[in-house]
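Now for the letters of each chain:
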Amino acid sequence: MKLGREIAEGGRFVRQPNRFTARIEADGEYPPEAGRYQLYASYACPWAHRSLIVRELLGLQDVVGVTIVDPIRDEKGWRVPGGDPVTGMEYLSELYLATDPDYQGRYTVPCVWDVTTKRLVTNDYPQITLTLETAFAPWHAEGAPDLYPAGLREEIDALNTVIFDGFNNGVYKAGFATSQEAYDDAVTTVFATLDLLEERLAGRPYLHGDALTESDVRLYPTLARFDAVYHSHFKCAIRRLTDYPVLWAYARRLYAIPAFRDTTDFDQIKRHYFITQTNINPSQIVPQGPEIDWTAA
Ligand SMILES: N[C@@H](CCC(=O)N[C@@H](CS)C(=O)NCC(=O)O)C(=O)O
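Since the model is a prediction, treat every value here as computed from it, not as a measurement. (Residues numbered from 1 in each chain as written. Predicted model: local features only at pLDDT ≥ 70, side-chain atom pairs only at ≥ 80, totals over all residues. Heavy atoms only, no water.)

**Student:** Is there a simple way to explain the pattern of salt bridges in this structure?
**Tutor:** Where charged atoms from two side chains of opposite charge come close, those side chains can pair. Summed over the entire model, instances satisfying the criterion amount to ten salt bridges. With a shortest N-O distance of 2.7 Å, arginine 79 and glutamate 90 are connected by a salt bridge. Placement of arginine 79 in the loop between strand E4 (65-68) and helix H2 (93-99) and of glutamate 90 in the loop between E4 and H2 is noted, with a sequence separation of eleven residues between them. The salt bridge involving aspartate 267 is made with arginine 271; its shortest N-O contact spans 3.2 Å. Of this pair, aspartate 267 and arginine 271 both sit in helix H10 (residues 266-276), four residues apart, roughly one helical turn. (Salt bridge = Lys/Arg side-chain N within 4 Å of Asp/Glu carboxyl O. Helix = DSSP H or I, 4+ residues; strand = E, 2+ residues; numbered from the N terminus.)

Written as structure tokens, this is what we have:
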């Protein structure tokens, strides 16, 4: 992992900015079209997990193709064993470098490739789900949920910022901190955010009320990884998800929805983090357990 330049003064982890940020939008350089765009994702990666959930929730499986990369990343990055049927590439880096030969950052999932121009359109993960929800609306399945309703967008965006800073990225700030102080700050924020969400979800099934939204999609991947990985590997050990009765019930409520369950692969998640992130687990040993029943009533 080339995390060196993402560790700032005081041992704090500061995530790299997304380099590819073009938008798929009507009348733009990349107009939405069925069959034109290919999503590259890993079941292990929480940022990619979001896009897999939304693609399935909205019934876009035949509209936007997907290539799943191998969960174990080596020093050359994400790989498609046997090659990607759409582009022929073996390493995801080939798509990044074909688009920008001078690209110096990490080769990340999720990203979206345009089959027509043979260019990487975006690795801007917060925008990918919003694009599927808005630009691809004409292809949504009948009865698909409106995950980003016009009247709720400000509230959704505001809560998403809290969830990202305090939790989605908060766990990485705790896990990748290289000083006690940076870790202490980050882990305190992670659990303050969980406390706040526990309170918010008391008395409502989803974060914004009775209907599922983009905020729920963003919260879930970090909850799904929490006890299995972040509790030990990222040292987010003050409490477990299963110690929060409301949040744990909420996480299982989401897991009961096929788009969430089908895209949650605990084995790939565990193998990816413990084997690939040798900066914090040099032995690459994958722990056994914890045993958690996600289907409990
Ligand atoms: N694009 C974002 C978020 C996506 C991201 O970090 N994905 C991880 C997997 S969870 C990845 O692809 N990492 C590749 C690497 O570190 O080489 C970033 O650059 O930080």
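**Student:** Help me out: how do you make sense of the nonpolar core in this one?
**Tutor:** Nonpolar side chains tend to gather and get buried jointly when the protein is soluble and globular. By size, the foremost hydrophobic cluster in this structure holds 84 residues, and its most contacted members are Phe226 and Leu247. With sequence-adjacent residues up to four places away left out, phenylalanine 226 is seen in contact with Phe167, Val171, Val190, Phe191, Leu194, His231, Cys236, Arg239, Arg240 and Leu241. (Core = buried A, V, L, I, M, F, W, Y, C linked by side-chain atoms within 4.5 Å. Buried < 20%, exposed > 50% of the residue type's maximum accessible area, 1.4 Å probe, protein only. Contact = heavy atoms within 4.5 Å.)

**Student:** Explain the pairing of E4 to me, please; I cannot follow it from the model alone.
**Tutor:** For a regular strand, side-chain orientation follows a simple rule: the groups alternate between the two sheet faces. Of the pairings in the sheet, the one linking strand E3 (residues 37-41) to E4 comprises four bridges and is parallel in character. Residue pairing in the sheet places leucine 39 in a bridge with valine 66 of E4. Each parallel crossover has a hand, and for E3 linked through helix H1 (residues 46-57) to E4 it is right-handed. (Pairing = 2+ DSSP bridges. Right-handed = clockwise from strand over helix to strand, strands pointing away.)

**Student:** Got a minute to help me understand the UniProt feature "active site" (unreviewed entry) in the protein in this structure?
**Tutor:** UniProt records the feature "active site" (unreviewed entry) at Cys45 and Tyr172, using the numbering of this structure. Taken together, the annotated residues stretch across 128 residues yet fold into one region, lying no more than 12.1 Å apart by C-alpha. Those residues in contact with cysteine 45 that sit more than four places away from it in its chain are Val109 and Arg225. Relative to the helices and strands, tyrosine 172 resides in helix H5 (residues 170-176). Those residues in contact with tyrosine 172 that lie beyond four places of it in its chain are Phe13, Arg15, Pro46, Trp47, Ala177, Tyr230, Phe234, Tyr273 and Gln277. (UniProt positions renumbered as here; feature names shortened; annotations may be inferred.)

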